[in-house]
Amino acid sequence: MGSPLAARLSSPAVRTSLFYATLFASGAVSNPFLPIWLSERGIGTGEIGVINAAPIFAMIVINMVVGRLADRASDWRNVIVIGSIIAAIPPIFLLFMDDYVAILIIWTLLIVPFQAIAPVVDAATYRMTRRTGMDFGAIRVWGTIGFVAVTLVAGVVLDRMGAGAFVPLLIAVSAIRALVSLGLPLFRSQDEYSRPMHPIDAPINPLIAIRLGQLWRPWFLMTLIGAALLHGSHMMQMGFGALIWAEEGIPGWVIGILWAVAPTAEILAMIYFERITKRFAARHLILLGCLCGAIRWWGFALEPDIWVLVLLQTLHMATVGLTFLGITNFIANWTSEDIAAEAQSFFVMIRQVVTVVALLGFGILAGTMGAGAFYVAAIMSAIGAVMVVVSLVVMNPKREDAQAVI
């Protein structure tokens, strides 16, 4: 008989948390430093935008297919493990690539598997926690913790060793993620920790979607589009923020800290997940995120001092943290478990369409406007807020018990 500690360490919550800690590691390396690595190879901002956008464009085509396969598999775990292993192979080829077209192809093959499994991981974990009574935020927060840790390490390593360390770091974190995925639990397993299905999961409310076609309802779709616009506004920073800061003379280790501040603030949202989602409506969280996004990007456009950038980065708690909680809760509240991964992938598909357009557009704007392109990101966030408000006006349940789910 194993010890209580061993049993706890082998629990589904711990194994899933460990995988989340590795899930975003490749993004932690590439988001801040890919533009710098590409720039050193003579690739311009417009081409950098294309390289960032290409895998997301590819995912628009196959994202829903992956979600459907995951829902129809014996367990969501199967798709997650396969995607993690496939994603660990392409980074190796970047060691031998300097040509723009070659990098474009390899980068697409690298990102697509990761992008494919991300919504499946969220959907599978969220449904598992609802069924078993676990705290989703306590598990999901390890994704952010892992992101922060890898960002800090990458900033120090790349500052000391130069951009030549970028690809080896990417290979290492991708391989670790693939290995850790093998320890994931069966998310649909009915074990001794299970409890009866959460009432909101039972499709007794006619507003709860039980098939894909029902996701096209205007009030539902407007919320997804609003959240997607907010996410798309982040592409200015994701694709070109570090490059703009580097051109302003900010050293690599400071850029690493600036990037780490954002997800550190996001951790607070994850830690208080249960309290937040019980006290605030899902769409209200998304609305708050959009408004904070408009403030954050407008501030970036003004090219403030580093300490102001740090303060603006803390708004990441709302623009990503609270918005993620809001959209995940919103989708789970109004869809059945039978289409959990597909519904999450549907949102990701919309988000990816906006992201591709944003990356391509910001690639042009960053080259001509510099930091001024953040004004456009601020406008995108504001439009997202308007979309969520319209959704609330179109469909706002009047039941007293609906406050926590609208």
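Please read all numbers here as calculations on a predicted model, not as lab measurements. (Residues numbered from 1 in each chain as written. Predicted model: local features only at pLDDT ≥ 70, side-chain atom pairs only at ≥ 80, totals over all residues. Heavy atoms only, no water.)

Within the protein, the regular secondary structure consists of 17 helices and 0 strands. Relative to its 406 residues, the protein shows a buried fraction of 59%. Of the contacts formed within the protein by residues at least 6 apart in sequence, a portion of 85% connects residues at least 24 apart. Surface summary for the protein: the accessible area is close to 16,400 Å², and the carbon and sulfur share equals 70%. (Helix = DSSP H or I, 4+ residues; strand = E, 2+ residues; numbered from the N terminus. Buried < 20%, exposed > 50% of the residue type's maximum accessible area, 1.4 Å probe, protein only. Contact = heavy atoms within 4.5 Å. Areas by Shrake-Rupley, 256 points an atom, 1.4 Å probe, with all protein chains shown as cover.)

A separate point is the nonpolar core. The biggest cluster of nonpolar side chains holds 128 residues, and the ones touching the most others in it are Trp37, Trp107, Phe166, Leu224, Met236, Phe330 and Phe362. If you tally residues by element for this core, the top one is helix α6 (residues 100-132), at 16 residues. When sequence neighbours within four positions are dropped, the list of residues in contact with Trp107 reads Ser30, Leu34, Ile51, Pro55, Leu94, Phe166 and Leu170. (Core = buried A, V, L, I, M, F, W, Y, C linked by side-chain atoms within 4.5 Å.)

What follows is about unusual backbone geometry. For Glu303, which is not glycine, the phi dihedral falls at a positive 50°. One can find Glu303 in the loop between α13 (282-301) and α14 (306-313).

Moving on: the packing of aromatic side chains. Two descriptors summarise a pair of aromatic rings, namely the distance from one centre to the other and the angle between the planes of the rings. All told, the structure shown has 15 aromatic pairs when counted by the stated rule. Ring geometry for Tyr126 against Phe136: centres 4.9 Å apart, planes inclined by 80°, an arrangement best described as edge-to-face. A residue pair is termed long-range when its members are at least 10 positions apart, and Tyr126 in helix α6 and Phe136 in helix α7 (residues 136-161) qualify at 10 residues. On the basis of relative accessibility, which here comes to 5%, the residue Tyr126 falls in the buried class. The class of Phe136 is buried, set by a relative accessible area of 1%. For the ring pair Trp219 and Phe330, a centre distance of 6.1 Å and an interplane angle of 90° mean the geometry is edge-to-face. (Phe/Tyr/Trp six-rings, centres within 6.5 Å; stacked < 30°, edge-to-face > 60°.)

Spanning 13 residues, helix α10 (residues 235-247) covers 18 Å between terminal C-alpha atoms, matching the ideal 18 Å at 1.5 Å per step. Taking the largest bend as the criterion, α10 deviates by roughly 55°, centred on Gly241. Burial of α10 is extensive: 10 of the 13 residues sit out of reach of the surface. Buried within α10 we find Met235, Met236, Gln237, Gly239, Phe240, Gly241, Ala242, Leu243, Ile244 and Trp245. (Expected span 1.5 Å × (residues − 1). Bend = angle between axes of the 7 residues up to and from the residue.)

Two residues of an α-helix separated by three or four positions point the same way, owing to the 3.6 residues in each turn. The terminal C-alpha atoms of helix α4 (residues 45-72), which comprises 28 residues, lie 41 Å apart, in line with the 40 Å expected from a rise of 1.5 Å per residue. In the structure, α4 departs most strongly from a straight axis at Val61, where the bend amounts to approximately 50°.

As a further point, take the packing of helix α9 (residues 218-233) against helix α16 (residues 340-369). Packing of α9 against α16 leaves a shortest axis separation of 8 Å and a crossing angle of 35°. For the pair α9 and α16, the sense of crossing is right-handed. Mapping the contact onto sequence places Leu221, Leu224, Ile225, Ala227, Ala228, Leu229, His231, Gly232 and Ser233 in α9 and Phe346, Phe347, Ile350, Arg351, Val354, Thr355, Ala358 and Phe362 in α16. Residues that form the contact of α9 with α16 fall into these classes: 12 nonpolar, 4 polar and 1 charged. (Axes fitted to C-alpha atoms, helices over the stretch in contact; angles between N-to-C directions. Left-handed = near helix turned anticlockwise from the far one by under 90°. Nonpolar A, V, L, I, M, F, W, Y, C, P; charged D, E, K, R; others polar.)

On to the state of the cysteines. Within this structure, the stated rule accounts for 0 disulfides. Free cysteine: Cys290, not disulfide-bonded; nearest cysteine sulfur from Cys292 at 9.5 Å. Judged by its relative accessible area of 0%, Cys290 is buried. Since its relative accessible area comes to 13%, Cys292 is described here as buried. (Disulfide = S-S within 2.5 Å.)

Looking at the element boundaries, Met238 is found in helix α10. Residues Met238 and Trp259 lie 21 residues apart in sequence; the distance between their C-alpha atoms is 9.7 Å. Aside from chain neighbours lying at most four places away, what touches Met238 is Asn31, Pro35 and Trp259.

What follows concerns the confidence of the model for the protein. The share of residues in the protein with pLDDT of 70 or more is 89%, and the mean pLDDT across the chain is 82. Confidence over residues 192-203 falls short of pLDDT 50; this stretch has 22 contacts with residues more than four positions distant or in other chains. Across residues 399-405, where pLDDT falls below 50, the model places 15 contacts with residues more than four positions away in sequence or in other chains. (pLDDT = per-residue confidence, 0-100.)

It is the contact of α4 with α10, at a shortest axis distance of 10 Å, that shows an interaxial angle of 145°. α4 and α10 meet at a crossing whose hand is right-handed. Along its contact with α4, which presents Thr45, Ile48, Gly49 and Asn52, the element α10 presents Gly239, Phe240 and Leu243. Of the residues in the contact of α4 with α10, the class split is 3 nonpolar, 4 polar and no charged.

Before going further, it helps to examine the pattern of salt bridges. Close approach of charged atoms lets side chains of opposite charge pair. Summed over the entire model, instances satisfying the criterion amount to 2 salt bridges. Among the salt bridges present, the one from Asp98 reaches Arg41, with a minimum N-O distance of 3.1 Å. Within this pair, whereas Asp98 is found in the loop between α5 (77-87) and α6, its partner Arg41 is found in the loop between α3 (25-39) and α4, the two being separated by 57 residues in sequence. A salt bridge links Asp122 to Arg140, with the shortest nitrogen-to-oxygen separation between them at 3.8 Å. Of this pair, Asp122 sits in helix α6 while Arg140 sits in helix α7, and the two are 18 residues apart along the sequence. Comparing Asp122 with Arg140 shows no difference in burial state: the two are buried. (Salt bridge = Lys/Arg side-chain N within 4 Å of Asp/Glu carboxyl O.)

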